[in-house]
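If you want the building blocks of each chain, they are given just below.
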Amino acid sequence: MESKLLADRSIEELELLVEKIHQPKFRAKQLYEWLNKGASFDGMKNIPKSMLDALSEDGYYPQGIEIVKELRSSLDGTIKYLYRLRDGNIIEGVLMKYKYGNTLCVSTQVGCRMNCAFCASGLDGLIRNLSAGEILGQVVAVNRENAVDNERGVTNIVLMGSGEPLDNYDNVCKFLTLVSDERGLNLSKRNVSLSTCGLCDKIVRLADDGFSPTMTISLHAPNDEMRREIMPIAKKYSISDIIKAVKYYFDKTGRRIIFEYSMIAGKNDTEICAKQLAEVVKGLACHINLIPLNYVKERGLDGSSKKNIYRFMAQLEKQGISVTVRRSMGGDIEGACGQLRRKVLKDENY
Ligand code: SAH
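About the thresholds
Residues numbered from 1 in each chain as written. Predicted model: local features only at pLDDT ≥ 70, side-chain atom pairs only at ≥ 80, totals over all residues. Heavy atoms only, no water. Near = heavy atom within 4 Å. Polar contact = N/O pair within 3.5 Å; in protein donor to acceptor, adjacent residues only side chain to side chain. Areas by Shrake-Rupley, 256 points an atom, 1.4 Å probe, with all protein chains shown as cover. Helix = DSSP H or I, 4+ residues; strand = E, 2+ residues; numbered from the N terminus. Nonpolar A, V, L, I, M, F, W, Y, C, P; charged D, E, K, R; others polar. Core = buried A, V, L, I, M, F, W, Y, C linked by side-chain atoms within 4.5 Å. Buried < 20%, exposed > 50% of the residue type's maximum accessible area, 1.4 Å probe, protein only. Domains from an automatic or database assignment. Contact = heavy atoms within 4.5 Å. Buried area = accessible area lost by both parts, 1.4 Å probe.

**As for the site of the ligand**
Part 1 of the argument: Inspection of the region around the ligand gives 20 residues, with Gly163, Ser195, Ser218, His220 and Asn294 positioned closest.
Part 2 of the argument: One of the backbone N or O atoms of Cys197 is found 3.4 Å from an oxygen atom in the ligand.
Part 3 of the argument: Relative to its unbound accessible area of 530 Å², the ligand is 95% covered by the protein chains.
Part 4 of the argument: At the level of secondary structure, the elements contributing two or more residues to the shell around the ligand comprise strand 8 (192-196) and strand 10 (257-263).
Part 5 of the argument: Its residues assigned to classes, the shell around the ligand comprises ten nonpolar, eight polar and two charged.

This is the structure we're talking about:
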């Protein structure tokens, strides 16, 4: 079925639409510019009302998402956003402010099918995929909000919010194309990262299809047995499948691979794990990001202590591995993935 959300469309697709309603082609470009500014039909000043009315009568609408709540961290300026989609579903995002720019963490699905043992996003399973325009809409809405406050907009994007991006492959690819379109948001392709639990066939396909976001792999375990215990997807793809896929990705794109490793107390944080992990990534152009696990009540897993995380890091460094501990941000505004959404759904009636 044809999408009625205009933000789902490229300029070329908008051109087909305006032609269909007997309007000159240049109107598509105007429409596209407004859409990328987050404007509603009312705000599209240089487009004749008759054309906008015609679109509206045919059921078309410009934006698929709005910000309904904003929480600002008093510690580091991090902002957590809660967005509402047109069908009433709620998703969340985080804007992290660094010296070099502003990174927005973007969601790709409502819920998630992957059901990792530590993650809040998969607790209700997959509710639905987001369309390309709904993914883009998160960036557009935050840019608009920051413009009002006269602040710098989004300069970097990480597809690390709720959902598994490669489980929503077509919409995510379309989003990648739209967000880097020079006639639109024109975000540098180098500033986009995609985080995946490791859908190997899709990693290969992404490179073959000509996309090259920084590939971030949620590894979280140094061997298949442990990985199967915490990540159901590990039953389908082994760690060696992942290594094969990311080598292919690196050869095609030249982008260094990032591995994420959330540190779970007494589970994946031992010295043996560090040795195995070093073995797994040996010889790869990669970096390891150690993530202090955020406690999710429904999951009940505890994060490793700071001491253990730094010991683990030192053990990896000794093996010559490039490794950092991810700085935890926005600690006062509801931590991990999916947590804010769940809290708000429980507390308030959206
Ligand atoms: N589905 C994708 C992206 C979403 S999650 C993926 O698996 O990569 C983004 C990152 O946060 C992943 O590395 C995920 O494993 C991690 N994560 C999820 N819940 C977490 C928690 N409670 N504490 C720390 N990291 C978590």
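**Observations concerning the nonpolar core**
Part 1 of the argument: Counting residues in hydrophobic clusters, the biggest one holds 101 residues, and the most contacted among them are Leu31, Phe259 and Leu290.
Part 2 of the argument: When residues in this core are grouped by element, the largest group, seven residues, is from helix 5 (residues 169-179).
Part 3 of the argument: Inspection of this core shows a minimum of three residues originating in each of domain 1 (6-57) and domain 2 (65-333).
Part 4 of the argument: In this structure Phe259 touches Ile217, Leu219, Ile243, Val246, Val281, Leu284, Cys286, His287, Ile288 and Asn289, once residues within four positions along its chain are discounted.

**Examining unusual backbone geometry**
Part 1 of the argument: The backbone phi angle of His22 is positive, close to 60°, even though this residue is not glycine.
Part 2 of the argument: Tracing the sequence through the fold places His22 in the loop between helix 1 (11-20) and helix 2 (26-36).
Part 3 of the argument: Judged by its relative accessible area of 72%, His22 falls in the exposed class.
Part 4 of the argument: Look at Asn186: it is not a glycine, yet its phi comes out positive at around 55°.
Part 5 of the argument: Look at Asn186 and you get partly exposed, because its relative accessible area is 45%.

**Some thoughts on the domain arrangement of the protein chain**
Part 1 of the argument: Each assigned domain of the protein chain is listed here: domain 1 (6-57) and domain 2 (65-333).
Part 2 of the argument: Contacts between the two partners involve 13 residues from domain 1 and, on the opposite side, 13 residues from domain 2.
Part 3 of the argument: Counting each side, the surface lost to burial between domain 1 and domain 2 is near 1000 Å², with a carbon and sulfur contribution of 45%.
Part 4 of the argument: Three residues stand out in domain 1 for area buried against domain 2, namely Asp8, Tyr32 and Asn36, and they jointly supply 49% of the buried area on that side.

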